[in-house]
Structures are given as C-alpha cells and as structure tokens.
Amino acid sequence: MSATASASALGLDDPAHRPGGDPLRRGGIAIHADRLEVRHGSKVVWSNAGFDVRSGEFVALIGPNGAGKTTLFRMLLGLHYPSAGELTVLGAPPRRGNPRIGYVPQRHSIDEDTHLACETLVRLAYPGDRWGPDGRFPALRWGPRVRLGPERAAAARALADVGATELAAKPLGSLSGGELQRVFLAEALVGDPEMLLLDEPLSNLDLRRSRELVETIHGLVRSRGVTTLLVAHDINPMVKCLDKVIYIANGQVATGRPEEVLTSESLTALYGVRVEVLHDSRGNLVIVGGEDDRGEEGG
Ligand SMILES: Nc1ncnc2c1ncn2[C@@H]1O[C@H](COP(=O)(O)OP(=O)(O)OP(=O)(O)O)[C@@H](O)[C@H]1O
Ligand SMILES: [Mg+2]
C-alpha cells in the first residue's frame, strides 16, 4: 500500500477536524491533488500524490532536502506543470501571477547595503491591477486622500498584522533574520491573499523566534482565514497549531493530521525502511532513521 493510499485509508481529510476560531473563508477545498506526478526533465521527483487542503487550514510541508517541497509550491503557483494527474488551486488550474496567492520564496539574507525601507517593499507588492493608470487607486484619484492610496493602508495593515509596524521605516539591510521574515510575510499579505505559501520561513531562526513567528502565522490563519502552507525542516515549533501535514519523501507524498502522519508506522511505509518517531517529555518529536538512516529532527 502506498503512503498516499494508507493515508486516505486512515480518513485523513476529515472535514470535521478543525481547531477553534471564527470561520471566515473556511470549509471549501482550496487545493485538490489527484494522482499528481512531477518531473524535472526525465526525473520523477514524486508521484501518485492525492490530497485535499481545505480553506482556512494551516498545513506544514516537510521532508528531506531535495524531496520536492519547493517544486510543489512552484506547481501551485503555475510555474511548473504536473507531468501527470490533476491539480486545482482555489477552484481552478494553477496560473502564474495569481493575486489570490501570497508567496514567500525560500531565500536567504538581504545584502546589508540594501537601503529600501520595509514599508516600501511591502507597498510595492500591492497588486498592480488595483492601482489606477497613474499608479493611484481610481476611486481616490481626485479625492483628498489622493496621495495616500489603498496600498499604503494595506502595507500598514500587513506590517501591523505581522507585528512589524516599528520596522516600517527601517532599511531592509539592517534587519535581523527574524525581522526580515516578518517583513517578507507582510509583503506576501499585502494583497489580502486567500492562500499563503511560505517556503522555509523559520530557517535561521532560533527556537524562540521560530515559535513567535509560528504564533504570528497561526494568528493570521485564524483572523484572516488564509489557507497557509509552510515548508519546514523542524515540525516542533508548530506541531500543536497544525491542521494537516504533507510529508514528501522517497518520491511519495503522505498527508493527514500530524498525529496520523508523524508515526513510526506511517513514515516507515513512506520511506520503505524502519523509521522511529520518538516523543520527549515536552511533546517534541524526533524522527530517527528514514532515507539515509541519519537522524532527522522533526522532519
Ligand atoms: N529547475 C530544475 N531543474 C532540474 N531539477 C530540479 C530543478 N529544480 C529542482 N530540481 C530537482 O528536483 C528535486 C526537488 O527539488 P526541490 O527544490 O523541490 O526540493 P526541496 O524539497 O524544496 O528541497 P530543500 O529542502 O533542499 O529546499 C531535487 O532533486 C532538485 O535537484
Ligand atoms: Mg526547497
């Protein structure tokens, strides 16, 4: 039985499961994948993936380096085509430049000579089709607030929602790794997307900063109802907030609630070799074994 098949046998996409919070955009299917396969050239990265993500869910995407996590994001963004199977995003096939999706790519530090202010970066990400032909919102072009424009209000709201209001005027090059991730998150949020794709936003953050950023993201999922997929290598900072895990390894994709996917049995089936999921006294997970039999913490 494949990992995907065993996941569905466990009833992993149960609509009854949802943590508390006001349902805003919840309930519908935000992502549907069926027998999905992806290749780079002739190389199959993973295949036979079948899963649903519901609107308003907070989902972790985990798996070893090179497993194909970023590739899945690129498919959702319409930047890479499936080689087989079906994929729908927000009710339609993926398309490039979809303003309903906010994306934080897997990226590294910003050069310290970057003088662009954080607020400017966020404001410039405001979707272009909401601006008038002269760069201003049409309805306000002749009004008294002509120079403010909705993009400034949206940038201020996005920075506030990620706890970065005080960073607005700072140059990007002066920020710490954790501050930078908050500003990138605001950049992805400024168009009020229905879906957020966050590729390794916790990399380079210490445990405390990781937990703080996860709390912020979880707050956004709840308050804005934004469906969020987050790639991480350590599941522990977020495991208690998650609705679902997508685990990619060994060319296969397993999905389900964390307590269902992150078990010795499920991961052993996925990798095809013995894997142990250990729990410490504080509820942290350690995943031992897997693809190359070196320890891999939390994913
Ligand atoms: N443009 C490309 N051309 C050819 N192969 C590629 C390309 N992009 C990715 N790959 C290959 O596809 C596989 C999956 O890559 P991907 O970047 O999706 O992995 P990942 O799970 O995001 O890894 P990481 O955790 O290191 O970011 C890797 O073997 C990678 O070398
Ligand atoms: Mg990646």
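The preceding data block contains the structure.
As the structure is a computational prediction, the values presented were derived from the model and not from experiment.

What counts, and where the lines are drawn
- Residues numbered from 1 in each chain as written.
- Chains lettered and ligands numbered in written order.
- Predicted model: local features only at pLDDT ≥ 70, side-chain atom pairs only at ≥ 80, totals over all residues.
- Near = placed C-beta within 6 Å.
- Helix = DSSP H or I, 4+ residues; strand = E, 2+ residues; numbered from the N terminus.
- Nonpolar A, V, L, I, M, F, W, Y, C, P; charged D, E, K, R; others polar.
- Buried ≥ 20, exposed ≤ 12 C-beta atoms within 10 Å, placed from the backbone.
- Pairing = 2+ DSSP bridges.

1. Examining the site of ligand 1
In the region of ligand 1, the neighbouring residues are H40, V45, G63, N65, G66, A67, G68, K69, T70, T71 and Q106. For the shell around ligand 1, the leading source of residues is helix α2 (residues 69-76), giving 3 residues. Classifying every residue of the shell around ligand 1 by side-chain character gives 2 nonpolar, 8 polar and 1 charged.

2. Quick word on the pairing of strand β3 (residues 58-62)
Burial analysis of β3 places 5 of its 5 residues in the buried class, the great majority of the element. Residues of β3 alternate between two faces, with F58, A60 and I62 on one and V59 and L61 on the opposite face, all of them buried. Taken together, the 4 bridges between β3 and strand β7 (residues 227-231) define a ladder with parallel strand orientation. Within β7, the residue paired with V59 across the bridge is L229.

3. Some points on the environment of T263
In this structure, T263 sits in the loop between α7 (258-261) and α8 (264-271). Look at T263 and you get partly exposed, because 17 C-beta atoms sit within 10 Å. In sequence terms T263 and V277 are 14 residues apart; their C-alpha atoms lie 5.7 Å from each other.

So yeah, pure geometry; function would need other evidence.
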